[in-house]
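Here are the chains, one letter per residue:
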Amino acid sequence: VLLWMSQGKLAAFARAGQLFLVALLTTAGVVLGLSLFQASPERLLPLWWSEAGPVIQAALSAAGVMGWGLFLPFLMGDVRDQGENRHWHWLFWGLGGALLLAAAQAVVLGNLGTGLAARLDNPFFSLAKSVGVEGAFQRVEGVVTALWTFADLTMGGGLVFALRAMTAELLPPKDLPWISWTAVVLGTAGALVLFPAAGTAELWNRRLVPAGNLALGVLLPALLWVGERLFRRKGKNSISCMRKPA
């Protein structure tokens, strides 16, 4: 499916991403909203200083998710007059997304508690198993798990389209359809080699992925910013030897 989506145009993928976002937010809102009545505040508070360490560690992992946004600016070249120059627009979506993640985490912990949530691989999907409306639907975890594939498709599509945009700037001509095939085939082959057994990916997610996300989201942009400042300063301090016209 990802290979088929990446063969299309960026505008069509962007519209599909918007539909995926609406579906995911609606589904998550229903699950968390129905679970809110079952949450217990005693499972969240009080929070003492001895428990601050795990909270900070979890905050770093959540902040690392923002590192994937580093690839999205490569897709902004064809966007015009959509608020791309408004800093408050980016601040609104960034803080709004962080607050939604925090609220979702609070509902999950309020229902399952810290001990049970830590032992589960996917606490949100486990929470969905207890959600149901009498007379309408009783078990929704299968639907929630299926819809969450949209998030994987959106992230994968963003990476593939970003690779196409970067390659188009480095290697003319701009239309390089083989980039999508190469990215998807190499990604699939790499997943089969690196994660041959169940549980291998979870080990990477706990140890390597958070550090890599922070490097992409914090370290690399900081290095690029310092390099750009040094380049501009060097350009201002350079002396031109060209003779001015009479």
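Cut-offs and rules
- Residues numbered from 1 in each chain as written.
- Predicted model: local features only at pLDDT ≥ 70, side-chain atom pairs only at ≥ 80, totals over all residues.
- Heavy atoms only, no water.
- Helix = DSSP H or I, 4+ residues; strand = E, 2+ residues; numbered from the N terminus.
- Expected span 1.5 Å × (residues − 1).
- Buried < 20%, exposed > 50% of the residue type's maximum accessible area, 1.4 Å probe, protein only.
- Salt bridge = Lys/Arg side-chain N within 4 Å of Asp/Glu carboxyl O.
- Core = buried A, V, L, I, M, F, W, Y, C linked by side-chain atoms within 4.5 Å.
- Contact = heavy atoms within 4.5 Å.
- Phe/Tyr/Trp six-rings, centres within 6.5 Å; stacked < 30°, edge-to-face > 60°.
- Axes fitted to C-alpha atoms, helices over the stretch in contact; angles between N-to-C directions.
- Parallel < 35°, antiparallel > 145°, perpendicular 65-115°, else oblique.
- Left-handed = near helix turned anticlockwise from the far one by under 90°.
- Nonpolar A, V, L, I, M, F, W, Y, C, P; charged D, E, K, R; others polar.
- Arc of directions from axis to C-beta.

**Student:** Tell me what's going on with helix α2 (residues 10–36), and back it up with residues and numbers.
**Tutor:** With 27 residues, α2 should cover 39 Å at 1.5 Å per step; its first-to-last C-alpha distance of 38 Å lies within 8% of that length. When α2 is considered as a whole, its buried residues turn out to be F13, A16, G17, F20, L24, T27, A28, V31, L32 and S35.

**Student:** Go over the pattern of salt bridges, please, and point to the residues and values.
**Tutor:** Enumeration according to the criterion identifies 1 salt bridge in this entry. For E228, the salt bridge is made with R232, and the minimal N-O distance between the two is 2.7 Å. Linking E228 with R232, this pair stays in helix α10 (residues 209–237), spanning 4 residues, or about one helical turn. Under the relative-accessibility criterion, E228 is labelled partly exposed at 31%.

**Student:** Which residues make up the nonpolar core, and what are the values?
**Tutor:** Core analysis: the largest hydrophobic core is formed by 14 residues, its most contacted members being V31, L32, F124, L127 and V144. Considering every element that reaches this core, the biggest residue donor is helix α4 (residues 87–119), with 6 residues. Non-local contacts of F124, meaning those with residues more than four positions away in its chain, are made with A28, V31, L32, V144 and W148. Counting residues in hydrophobic clusters, the runner-up holds 9 residues, among them A16, L153, F161 and A162.

**Student:** Tell me about the packing of aromatic side chains, residues and numbers included.
**Tutor:** Tallying each qualifying case throughout the model produces 5 aromatic pairs. Geometrically, the ring pair formed by F124 and W148 is tilted, given 5.2 Å between the ring centres and 40° between the ring planes. On the criterion of sequence distance, the pair formed by F124 in helix α5 (residues 123–128) and W148 in the loop between α6 (141–147) and α7 (149–170) is long-range, its members being 24 residues apart. With relative accessibility at 16%, the residue F124 sits in the buried group.

**Student:** Give me the lowdown on the packing of α7 against helix α8 (residues 178–194), citing residues and values where you can.
**Tutor:** Relative orientation of the contacting elements α7 and α8 amounts to 130°, with a least axis distance of 9 Å. Taken as axis vectors, α7 and α8 run oblique relative to one another. Regarding α7 and α8, the two cross each other, and that crossing is right-handed. In contact with V160, L163, R164 and T167 of α7, α8 contributes I179, S180, A183 and V184.

**Student:** Talk me through the packing of α2 against α7; I want residue IDs and the actual numbers.
**Tutor:** One can describe the packing of α2 onto α7 by two numbers: an axis separation of 10 Å at closest approach and a directional angle of 155°. One finds that α2 runs roughly antiparallel with respect to α7. The chirality of how α2 crosses α7 is left-handed. Here L10, F13, F20, A23 and L24 of α2 come into contact with α7, specifically with F150, A151, L153, T154, G157, G158 and F161. Residues belonging to the contact of α2 with α7 are distributed by class as follows: 9 nonpolar, 3 polar and no charged.

**Student:** Before we move on, can you summarise the environment of L147 with the specific residues and values?
**Tutor:** If you trace the backbone, L147 turns up in helix α6. By relative accessible area, which is 22% here, L147 ends up partly exposed. Each C-alpha atom of the pair L147 and T27 lies 8.1 Å from the other, and the pair is 120 residues apart in sequence.

**Student:** I'd like a description of α8, backed by residues and values.
**Tutor:** Under the 1.5 Å per step criterion, the end-to-end length of α8 is 24 Å for 17 residues, consistent within 8% with the ideal 24 Å. Within α8, burial applies to I179, S180 and V184. Projected onto a plane normal to the axis of α8, the buried residues spread over an arc of 125° and lie on a single side. Those residues of α8 that are exposed and angled more than 90 degrees off the buried face are L186, L192 and V193. Next to the buried residues of α8 lie α1 (2–6) and α7.

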